[in-house]
Amino acid sequence: MGDLAVGARSGHGPEEEPGRSDDAAGPGSTEAGDASTAPPLREEESSGGSTGGSKKQRSFWKELPLLIGIALILALVIKTFLVQAFSIPSASMENTLKIGDRVLVDKLTPWFGSEPERGEVIVFHDPASWLEGEPTPEPNAVQTVLSWIGLMPSANEKDLIKRVVGVGGDTVECNGTGPLKINGKALNEPYVYPGNTPCSDDNAGGTFKVKVPEGKVWVMGDHRQDSMDSRYHQNDKNGGFVPVDNVVGRAIVVAWPPTHWSTLPVPDTFDQSGLNAVANVAPGALGLAGAAPLVLWRRRKINQRVTEGNARVSAAGGAR
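Let us look at the structure shown here. Quick caveat: nothing in here was measured; it's all calculated off a predicted structure.

**Describing the nonpolar core**
Here is step 1 of the chain: Grouped together as the largest cluster of nonpolar side chains are 17 residues, with contacts concentrated most on V165, V172, L180, F208, W218 and F270.
Here is step 2 of the chain: At the level of secondary structure, the elements contributing two or more residues to this core comprise β5 (171–174), β8 (208–211) and β9 (216–220).
Here is step 3 of the chain: In this structure, V103, V123, I161 and L264 belong to the second largest nonpolar core, which totals 13 residues.

Dropping the structure here:
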């Protein structure tokens, strides 16, 4: 805003009495109206209230394109590096996720080297044509732009969403109708679709025992009898495993519709004792492997000193 006059003079001097001249006030009078004794006006006051030099405010309509541009850039950055929305197109994760739900996926932590853990619900790129033959909706131009900047879920990306049940080094197995076992420990899975069994007793892959390679994960849908997951792709180039590099991120919350709002925490069954037995043994085995060369080297040095001592004793005895 321009400079405003904060006050011309706030008042006038005392009225002159009839017959009284200015000289009568005396040189020391405080009531004298001499302008030379008045305090100097500030610059604002001396401006006389003029606003001719003020800066004109930018029109809202001129600023609107700039605001929209900044919002779009921020949305694109958020989608690329932080959080992205995805739409659930199938029933493979019911009842945890229903058809039409929108989930927010954390894309930040993978940038810092974080890898999927057991029990997490993850979104991943199609690892080996799992979606081959599946119909793909054709978005219009507006949907394409909005999905590209992350303001709405993408309609044509080849992505899937499942639950991680095994990570590198785990042995995952299903016999008959279950329960599902990890490293020999049975899981209690309350998230499995009501009426489904944890394992599927069929000849297409429902019965299995696999060891998950490092850098890959084994995934399964919560709707066990309606999910074409790792079990049914064991003949592909990855053996049904999903490479960690294909993981987009972890689904952390159901954001839409409001009536379905919920977080997606790791179920307690994945925290049971003994599930990480294989991982707990590994540090001890590595420590033993590292200590073995040191022990052998020390024993060799001891034997060498004993041999040298015997040689000196023998030499001394021969000189006598």
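Right, picking up where we left off after that structure.
**Description of a nonpolar patch on the surface**
Here is step 1 of the chain: Side chains of L82, L108, W111 and F112 sit close together on the surface and give an oily, nonpolar patch of about 460 Å² of accessible area.
Here is step 2 of the chain: By the element assignment, F112 lies in the loop between β2 (102–106) and β3 (121–125).

**Here's the deal with unusual backbone geometry**
Here is step 1 of the chain: Omega for the peptide link from E94 to N95 comes to 0°, which places this bond in the cis form.
Here is step 2 of the chain: Within the secondary structure, N95 is located in the loop between β1 (83–87) and β2.
Here is step 3 of the chain: In the segment running from G178 into P179, the intervening peptide bond is cis, with an omega of 15°.
Here is step 4 of the chain: In this fold, P179 is placed in the loop between β5 and β6 (181–182).
Here is step 5 of the chain: One non-glycine residue, S129, lies in positive phi territory at about 60°.
Here is step 6 of the chain: Here S129 shows up in the loop between β3 and α3 (141–148).
Here is step 7 of the chain: Positive phi values are uncommon outside glycine, yet N183 reaches one of about 55°.
Here is step 8 of the chain: Looking at the secondary structure, you find N183 in the loop between β6 and β7 (185–186).
Here is step 9 of the chain: With a relative accessible area of 17%, N183 lands in the buried category.

**Considerations on the state of the cysteines**
Here is step 1 of the chain: All told, the structure shown has 1 disulfide when counted by the stated rule.
Here is step 2 of the chain: Note on cysteine connectivity: C174 is disulfide-linked to C199, with sulfurs 1.9 Å apart. Looking along the S-S bond of the C174-C199 disulfide, the torsion reads about -70°, which is the left-handed sense. Here the residue C174 occupies a position in strand β5, and C199 occupies one in the loop between β7 and β8, the gap between them amounting to 25 residues.

**Re the pairing of strand β11 (residues 247–256)**
Here is step 1 of the chain: Of the strand pairs in this sheet, β2 and β11 are connected by 5 bridges, and their pairing is antiparallel. Residue V105 lies in a different strand from β11, and its bridge partner there is A251.
Here is step 2 of the chain: Inspection of the sheet shows β3 paired to β11 by 3 bridges, in the antiparallel sense. By the bridge assignment for β11, F124 is matched with V247.
Here is step 3 of the chain: Bridge count for β11 against strand β12 (residues 262–263) is 2 bridges, and the pairing is antiparallel. The residue bridging V253 from the neighbouring strand is T263, located in β12.
Here is step 4 of the chain: What sits between β11 and β12 in their antiparallel hairpin is a turn of 5 residues.

**Things to note about the environment of T263**
Here is step 1 of the chain: Along the polypeptide, T263 turns up in strand β12.
Here is step 2 of the chain: For the pair T263 and L104, spaced 159 residues apart in sequence, the C-alpha to C-alpha distance is 9.8 Å.
Here is step 3 of the chain: Ignoring sequence-local partners within four residues, the contact set of T263 consists of I252 and V253.

**Some thoughts on the pattern of salt bridges**
Here is step 1 of the chain: Summed over all chains, the structure comprises 5 salt bridges.
Here is step 2 of the chain: Salt-bridge contacts for R118 lead to D170; the nearest nitrogen and oxygen are separated by 2.6 Å. A residue pair is termed long-range when its members are at least 10 positions apart, and R118 in the loop between β2 and β3 and D170 in the loop between β4 (159–166) and β5 qualify at 52 residues.
Here is step 3 of the chain: Given a relative accessible area of 3%, D170 falls into the buried group.
Here is step 4 of the chain: Across the pair E120 and R250 runs a salt bridge, and its minimum N-O distance is 3.7 Å. Linking E120 in the loop between β2 and β3 with R250 in strand β11, this pair joins segments that are 130 residues apart in sequence.
Here is step 5 of the chain: What makes R250 partly exposed here is its relative accessible area of 24%.

**Topic: the side chain of E189**
Here is step 1 of the chain: By secondary structure assignment, the location of E189 is in the loop between β7 and β8.
Here is step 2 of the chain: Residue class for E189 comes out buried when judged on its relative accessible area of 9%.
Here is step 3 of the chain: Here the side chain of E189 touches Y191 through a polar contact of 2.6 Å, side chain to side chain.

The rules behind these values
- Residues numbered from 1 in each chain as written.
- Predicted model: local features only at pLDDT ≥ 70, side-chain atom pairs only at ≥ 80, totals over all residues.
- Heavy atoms only, no water.
- Core = buried A, V, L, I, M, F, W, Y, C linked by side-chain atoms within 4.5 Å.
- Buried < 20%, exposed > 50% of the residue type's maximum accessible area, 1.4 Å probe, protein only.
- Helix = DSSP H or I, 4+ residues; strand = E, 2+ residues; numbered from the N terminus.
- Patch = residues over 30% accessible without salt bridge, like charges linked within 9 Å, V, L, I, M, F, W, Y side chains within 5 Å.
- Areas by Shrake-Rupley, 256 points an atom, 1.4 Å probe, with all protein chains shown as cover.
- Salt bridge = Lys/Arg side-chain N within 4 Å of Asp/Glu carboxyl O.
- Disulfide = S-S within 2.5 Å.
- Pairing = 2+ DSSP bridges.
- Contact = heavy atoms within 4.5 Å.
- Polar contact = N/O pair within 3.5 Å; in protein donor to acceptor, adjacent residues only side chain to side chain.

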